[in-house]
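Chain and residue survey
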Amino acid sequence: MPRADLAIRNGTLFNGAIADVGVAGGTIIQIGGELQAATEIDASGKLVLPGGVDAHVHLSSPPRETHGPRWVDDFQSGSAAALAGGITTVGNMTFGAPDESPLEALRREAVVAERQTIADVFLHAVLDDPDERALEDIPHLLESGCSSIKIFLSNPRFDRSLDGYLEAIRRAGASGLISMLHCEDAALIAFATRRLIAEGRSSLHYFPESRPVVAEVVATQRAIALAELTGAPVYVVHLSSERALEACADARARGIPLFVETRPLYLHLTESIFDDPECGRFVGQPPLRSASDVAALWAGLRSGAIDTVCTDHAPWSLQAKLDPELSIERLRPGVENLQLLLPMLYSEGVRTGRISLHRLVELTSTNAARFFGLYPRKGTLAVGADADLVVFDPRLERTVTAAMLHSNADYSVYDGRQVTGWPVLTLRRGEIVFRDGQILGQPGSGRVLACGPAGRP
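In short, a report on the structure. (Residues numbered from 1 in each chain as written. Predicted model: local features only at pLDDT ≥ 70, side-chain atom pairs only at ≥ 80, totals over all residues. Heavy atoms only, no water.)

Applying the stated criterion across every chain yields a total of zero disulfides. Distance from the sulfur of Cys 146, which forms no disulfide, to the nearest cysteine sulfur (Cys 451) is 6.9 Å. Overall, Cys 146 belongs to the buried group, its relative accessible area being 2%. Residue Cys 451 is classed as buried on the basis of its relative accessible area of 6%. (Disulfide = S-S within 2.5 Å. Buried < 20%, exposed > 50% of the residue type's maximum accessible area, 1.4 Å probe, protein only.)

Take a look at the structure:
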């Protein structure tokens, strides 16, 4: 009889089977059948899920090492929030300093992550300027374990350097990478913002109007064109609107290698919240949309038109978000979400019948692992995979409060929400790193992962 380091007993797997799961040496060695183990965990009445893979987060380095925006979570606090929410692997956006090449930025960030992280981490190379040095690095990124580049179409530099970005996407595709694109059109945003300011409507109450749906649609159409012209795979991050999703569905029907991510903000909130006096706490890019957009995104999750749900976790303090000097010109975009992604998607999706449990696992784990070259090590509950496992209580009810957060954020956009279904235990490579509300893993115990070539579901 096989002997495991640890066995999770009597849990219900996401395919509906009730089976024991055996873990040894950090990997899954057996599912079902007879099994002896040194340590046993009774998961009767609970679900056993593969650890989540959130491919889109922003975790800051310490101040002296920070290049780019300064959020309140570093790799330690951010990964603590992830593990408390059943997310065992995160993909962090790596911004370079002005004098750094993409490879240099990745090496610097990896050193910081290795020292701090509790969850496992993989890194995306943010391409701010497609100069020759950056273009020369792209064919070598995969050798360094990076399977992706990130480009902001919302940056005015995009139009000025379109030839360079087009070449970057082409080289990325030819080198086994996937290009992650933030799809909002800079010129349309600038026009809408100028018009609102001229009309005396510059407060954050008008933030959704300053970044209209058409700006997302136009940029999404350009992303489709880039993928069609180059043949390189493109991954649209945090898609927020029905019209942009329709453009993506049409492109996919024509065989264009285009994939779609959305984030929780657009599933659980609408733009009507910008009537709130403290609307600044909800600012993210793109903005919140209408109830019909929310319904379309849920339908896209169910149908497969949307491939992943990732958080774009980029939290600020509440004081920073409510700074009275902020306006539609001066923003602090981003919110906390890592700890709540999985519970809220289960509570609002699986329990309500909008999506199946199997679909939830695809959206929050399997598909992201495939896209970024981590599957089948990550993203699945299978023999030989890393023992990244979540014991999930589908009946546990909790109210969202700031006090429950393991993030350094001091508020949640979902404060007061009743949520049913929470992780009660998280394993990362066979080690219990979260249990009953407590983080047990140590900083530096997580790993910076080397990704293989980008894939697809």
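Our next topic: the environment of Asp 388. In this structure, Asp 388 sits in the loop between helix H14 (357–371) and strand E14 (389–399). Residue classification places Asp 388 among the buried positions, given a relative accessible area of 4%. In contact with Asp 388, not counting residues within four places along its chain, are Leu 49, Pro 50, Gly 51, Thr 88, Thr 89, Lys 378, Leu 427, Arg 428 and Arg 429. Only 2.7 Å separates the side chain of Asp 388 from the backbone nitrogen of Arg 429, close enough to count as a polar contact. (Helix = DSSP H or I, 4+ residues; strand = E, 2+ residues; numbered from the N terminus. Contact = heavy atoms within 4.5 Å. Polar contact = N/O pair within 3.5 Å; in protein donor to acceptor, adjacent residues only side chain to side chain.)

On to the nonpolar core, then. Counting 114 residues, the largest nonpolar core has Leu 49, Leu 141, Ile 151, Leu 181, Leu 301 and Leu 360 as the members making the most contacts within it. It is helix H13 (residues 341–350) that provides the largest number of residues to this core, a total of six residues. In this structure Leu 181 touches Ile 151, Leu 153, Ile 169, Ala 223, Leu 226, Val 234, Tyr 235, Val 236 and Val 237, once residues within four positions along its chain are discounted. By size, the runner-up hydrophobic cluster in this structure holds 23 residues, among which are Ile 178, Val 237, Ala 320 and Phe 371. (Core = buried A, V, L, I, M, F, W, Y, C linked by side-chain atoms within 4.5 Å.)

Enumeration according to the criterion identifies 10 aromatic pairs in this entry. Seen in terms of ring centroids, Phe 207 and Phe 274 are 5.9 Å apart; in terms of plane orientation they differ by 35°. Their pairing is tilted. Of this pair, Phe 207 sits in helix H7 (residues 207–210) while Phe 274 sits in the loop between helix H10 (265–268) and helix H11 (291–303), placing them 67 residues apart in sequence. Ring geometry for Tyr 235 against Phe 371: centres 5.6 Å apart, planes inclined by 75°, an arrangement best described as edge-to-face. Of this pair, Tyr 235 sits in strand E11 (residues 234–236) while Phe 371 sits in helix H14, and the two are 136 residues apart along the sequence. (Phe/Tyr/Trp six-rings, centres within 6.5 Å; stacked < 30°, edge-to-face > 60°.)

It is worth spelling out the pattern of salt bridges at this point. Under the counting rule described, the total for this entry stands at 29 salt bridges. Ionic pairing is found between Arg 211 and Glu 184, a salt bridge with its closest N-O pair at 2.9 Å. Residue Arg 211 is found in the loop between H7 and helix H8 (213–230), and its partner Glu 184 is found in the loop between strand E10 (178–182) and helix H6 (186–198); the two are separated by 27 residues along the sequence. The exposure class of Arg 211 is buried, given its relative accessible area of 8%. Classification of Glu 184 by relative accessible area gives buried; the value is 0%. For the salt bridge of Glu 216 with Arg 289, the shortest nitrogen-to-oxygen distance reads 3.4 Å. Taken together, the residues Glu 216 in helix H8 and Arg 289 in the loop between H10 and H11 connect sequence positions 73 residues apart. (Salt bridge = Lys/Arg side-chain N within 4 Å of Asp/Glu carboxyl O.)

The next point concerns H11. Under the 1.5 Å per step criterion, the end-to-end length of H11 is 18 Å for 13 residues, consistent within 8% with the ideal 18 Å. Every buried residue of H11 is listed here: Asp 293, Val 294, Ala 296, Leu 297, Trp 298, Gly 300 and Leu 301. Buried-residue contacts for H11 involve helix H9 (242–253), strand E12 (258–262), H10, strand E13 (308–309), H13 and H14. Looking one or two residues past H11, Gly 304 carries a phi angle of roughly 100°, positive in sign. (Expected span 1.5 Å × (residues − 1).)

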